[in-house]
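The primary structure of each chain is shown beneath.
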There are 2 protein chains.
Amino acid sequence: MDLLHALSDEEGTFSAREKALARLVLEDIDFAVNASINDLAERAGVSPPTVTRFCRRLGCQGFPDFKVQLAKMPYVGLRYFAPETPTETPEEVAEDIVAKAQNALFQMHRQLDLAAMSKAAHLLRGADFIHAFGASGNSAMMAHELHNRLFRLGCPVSASSDHGMNAMLAAAAGPGTVVFGSSFSGRDPMLVRCLDLARGRGVPTIVVTQSGSPVAKAADVVIAVDLPEGRNIFRPTSTRYAYLAVIDILANLVAYADREKATRILRSIKEELVRRRDGDDRQALGD
Amino acid sequence: MDLLHALSDEEGTFSAREKALARLVLEDIDFAVNASINDLAERAGVSPPTVTRFCRRLGCQGFPDFKVQLAKMPYVGLRYFAPETPTETPEEVAEDIVAKAQNALFQMHRQLDLAAMSKAAHLLRGADFIHAFGASGNSAMMAHELHNRLFRLGCPVSASSDHGMNAMLAAAAGPGTVVFGSSFSGRDPMLVRCLDLARGRGVPTIVVTQSGSPVAKAADVVIAVDLPEGRNIFRPTSTRYAYLAVIDILANLVAYADREKATRILRSIKEELVRRRDGDDRQALGD
DNA sequence: CTTCATATGTAAATTATTTTCATAAAATGG
DNA sequence: CCATTTTATGAAAATAATTTACATATGAAG
């Protein structure tokens with residue numbers, strides 16, 4: 001899974017020929033995936049054994065294994081290296097949005113700090129009250145989504161995307177409260193202020209944001225998500241998919257922290273839903 | 001990309017040996033992807049040439065190409081064939097949620113009706129007013145997300161997840177209005193009622209829902225998303241990722257339908273955001 | 001300037017894959 | 001029901017791909 005990383009040669013240990021090979025592969029993965037060792041060697045201007053050695057150095061068993069490893073990724077990972085192609089037709093738009101969303105999920109997963117997630121889950125499970133803060137559409141969605149996930153598990157949680165309100169809530173927070181914040185950019189001064197207020201009152205704070213950002217610096221538990229932004233202004237950010245998955249994973253961990261309680265609440269929600277619909281209980285928990 | 005489909009032998013044209021091969025491949029993709037043609041032939045109890053012929057029949061160029069095609073999929077597609085494994089550790093939870101989300105995106109993309117999407121996009125772009133309806137958390141999120149996407153493009157849109165309100169809005173809708181509805185289950189009687197009301201007033205209706213469901217039947221333009229639900233009740237439905245992508249694609253198509261207008265509005269939103277933050281304009285449009 | 005380590009290529013050996021051809025099994029038509 | 005054709009399959013040969021073994025060159029270290 002770390003071919004991606006290996007190919008970028010962060011340690012700078014590649015020889016000249018190997019660099020040429022790495023460049024060629026990253027530039028045209030489709031070619032690399034379909035080529036024979038001779039084709040690849042020829043186009044990179046090296047000999048076939050050099051290619052085999054290159055593959056081994058990358059941690060593969062040989063050239064065929066390298067191709068398979070490479071093929072496993074392109075759909076989800078390596079497209080980031082491809083130049084951003086303009087989309088015009090509906091086919092291209094759909095293809096591009098789906099690929100970018102999958103990439104965002106892939107990248108988030110690679111960098112996810114599970115220790116921070118576990119810590120956050122335990123804080124949330126143990127909280128007497130949870131405030132979820134987020135603003136400006138995208139982060140507001142995350143705050144509401146956390147609410148939507150956690151109330152089902154029996155957590156006392158409220159979500160708010162009202163800056164003034166959030167500041168008051170943070171200023172009034174007492175012991176047992178936990179504050180959760182989301183900020184895609186990490187530069188939401190009002191959220192920073194809320195976090196500072198909470199911290200000043202000894203209330204633990206959890207954020208999902210860009211590492212090293214003002215928001216990250218103001219929080220106790222930081223779940224860092226650092227993704228490159230696309231350049232198509234018409235396109236909503238694919239980072240949302242990654243954030244959504246972070247919320248899902250967090251909610252799942254909270255559920256696992258006290259399964260018995262989660263099961264009880266989920267069952268009663270389900271019963272209510274079935275009663276209000278047509279008695280078909282195969283449905284998911286909530287429309 | 002359609003190896004998946006080809007391997008399932010829906011036309012039933014496989015011979016006995018080919019069926020054995022298909023079964024072996026689907027049962028243990030990891031093995032198939034890493035094996036040599038001899039290993040695979042031996043384990044399936046056939047001769048190597050039979051394997052080559054099998055690959056060709058599947059539309060591949062040969063056995064190596066088959067392996068590459070196969071390797072391209074597992075991460076996003078073929079995991080559906082794997083039995084649902086219980087997750088326990090945070091690693092497993094994260095891995096599973098990310099894989100399921102990617103699968104949902106993959107499957108949605110495979111079945112997406114782009115003609116319906118285009119039709120929906122043109123209806124939305126031409127509307128004088130858009131009502132986005134959705135209830136119960138998940139679909140409410142989709143309605144609000146559509147609002148969040150479309151207002152940025154200069155569309156007059158409002159989102160509501162209040163059943164009573166929705167019915168009144170639908171009943172009051174005049175010419176030029178378009179109603180958009182989301183329902184994961186397709187069995188939201190109140191949404192069906194709103195759609196009927198709108199239809200009765202000659203207002204076009206667009207829905208994202210399960211095909212063949214009551215909601216689908218009540219709408220003019222149906223964007224069908226049919227995905228299997230997971231069996232882990234602690235886990236939020238991965239269908240949300242697919243729906244979110246549908247909204248994104250739709251919003252992108254709406255933007256492309258009148259780029260000049262979309263660009264103008266997006267620019268002013270961006271200026272406002274930058275003014276309220278620290279002047280860094282690299283940020284995405286909205287937190 | 002020599003020595004050693006490393007990088008790389010050539011050619012041979014090995015291995016993998018495909019083609020060719022023969023045979024057997026199943027389907028088709030009388 | 002038999003003859004004929006088609007189709008499926010494997011064995012062996014041919015080809016192609018990959019790797020190994022070895023030789024040479026390059027450059028760094030002493």
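Keep in mind it's a predicted model, so treat the numbers as computed, not measured.

Rules of the game
- Residues numbered from 1 in each chain as written.
- Chains lettered and ligands numbered in written order.
- Predicted model: local features only at pLDDT ≥ 70, side-chain atom pairs only at ≥ 80, totals over all residues.
- Heavy atoms only, no water.
- pLDDT = per-residue confidence, 0-100.
- Contact = heavy atoms within 4.5 Å.
- Pairing = 2+ DSSP bridges.
- Helix = DSSP H or I, 4+ residues; strand = E, 2+ residues; numbered from the N terminus.
- Axes fitted to C-alpha atoms, helices over the stretch in contact; angles between N-to-C directions.
- Near = heavy atom within 4 Å.
- Polar contact = N/O pair within 3.5 Å; in protein donor to acceptor, adjacent residues only side chain to side chain.
- Nonpolar A, V, L, I, M, F, W, Y, C, P; charged D, E, K, R; others polar.
- Core = buried A, V, L, I, M, F, W, Y, C linked by side-chain atoms within 4.5 Å.
- Buried < 20%, exposed > 50% of the residue type's maximum accessible area, 1.4 Å probe, protein only.

K.L.:
Just checking my understanding: could you explain the confidence of the model for chain A for this structure?
P.N.:
For any part of a model where pLDDT is low, the fine detail of the predicted coordinates should not be relied upon. All names here are of chain A. Of the residues in chain A, 84% reach a pLDDT of 70 or more, and the chain-wide mean stands at 83. A low-confidence stretch, residues 76–83 (pLDDT under 50), is modelled with 25 contacts involving residues beyond four sequence positions or located in other chains. In the model, residues 279–284 has pLDDT below 50 throughout and makes 13 contacts with residues more than four positions away in sequence or in other chains.

K.L.:
Can you walk me through the sheet that holds strand S4 (residues 205–209) of chain B in this structure?
P.N.:
The strands that make up a sheet pair up through hydrogen bonds in the backbone, lying either parallel or antiparallel. All names here are of chain B. Read across the sheet, five strands follow the order S2-S1-S3-S4-S5 without closing on themselves; strand pairing throughout is parallel. The open sheet has two edge strands, strand S2 (157–160) and strand S5 (221–224), and neither has a second partner. Adjacent strand axes in the sheet meet at a mean angle of 15°, parallel and antiparallel pairs treated alike. Across the sheet, helix H9 (residues 138–150) touches strand S1 (129–134), S2 and strand S3 (177–183), and the angle it forms with S1 is around 155°.

K.L.:
Please explain the protein's contact with DNA strand C as it appears in this structure.
P.N.:
The local shell around DNA strand C holds 20 residues, among which Ser-15, Arg-17 and Thr-50 of chain A together with Ile-37 and Thr-52 of chain B are the closest. Put simply, 68% of the atoms of DNA strand C that lie within 4 Å of the protein are in sugar or phosphate. The contact in question runs from a phosphate oxygen of DNA strand C to an N or O atom on the side chain of Ser-47 of chain A, over 3.0 Å. Here Thr-52 of chain B contributes a side-chain N or O atom positioned 2.7 Å from a phosphate oxygen of DNA strand C. Across the surface near DNA strand C, the residue classes break down as eight nonpolar, eight polar and four charged.

K.L.:
Could you clarify how one ought to interpret the nonpolar core in this entry?
P.N.:
When a protein is soluble and globular, its nonpolar side chains tend to lie buried together. With 102 residues, the main nonpolar core has Leu-150, Ile-223 and Ile-249 of chain A together with Leu-150 and Ile-223 of chain B as its most contacted residues. Setting aside residues up to four positions removed in sequence, Leu-150 of chain A forms contacts with Leu-124, Ile-130, Cys-155, Val-157, Ala-251 and Val-254 of chain A.

K.L.:
Quick question: what am I supposed to make of the protein's contact with DNA strand D here?
P.N.:
Around DNA strand D sit 19 residues, and of these Ile-37 and Thr-52 of chain A together with Ser-15, Arg-17 and Thr-50 of chain B come closest. Backbone sugar and phosphate groups make up 72% of those atoms of DNA strand D lying within 4 Å of the protein. Here a phosphate oxygen of DNA strand D sits 3.1 Å away from a polar atom, N or O, in the main chain of Phe-63 of chain A. Here Arg-53 of chain B contributes a side-chain N or O atom positioned 3.0 Å from a base nitrogen of DNA strand D. Among the secondary structure elements, those contributing two or more residues to the surface near DNA strand D are helix H4 (37–44), helix H5 (48–57) and helix H6 (63–72) of chain A together with helix H5 (48–57) of chain B. Across the surface near DNA strand D, the residue classes break down as seven nonpolar, eight polar and four charged.

K.L.:
What am I meant to see in the side chain of Asn-166 of chain A here?
P.N.:
Residue and element names in this part refer to chain A. As for its placement among the helices and strands, Asn-166 is situated in helix H10 (residues 163–172). Its relative accessible area of 3% is what places Asn-166 among the buried residues. Setting aside anything within four residues of it in sequence, one finds Asn-166 in contact with Phe-133, Gly-134, Ser-160, Ser-161 and Cys-194.

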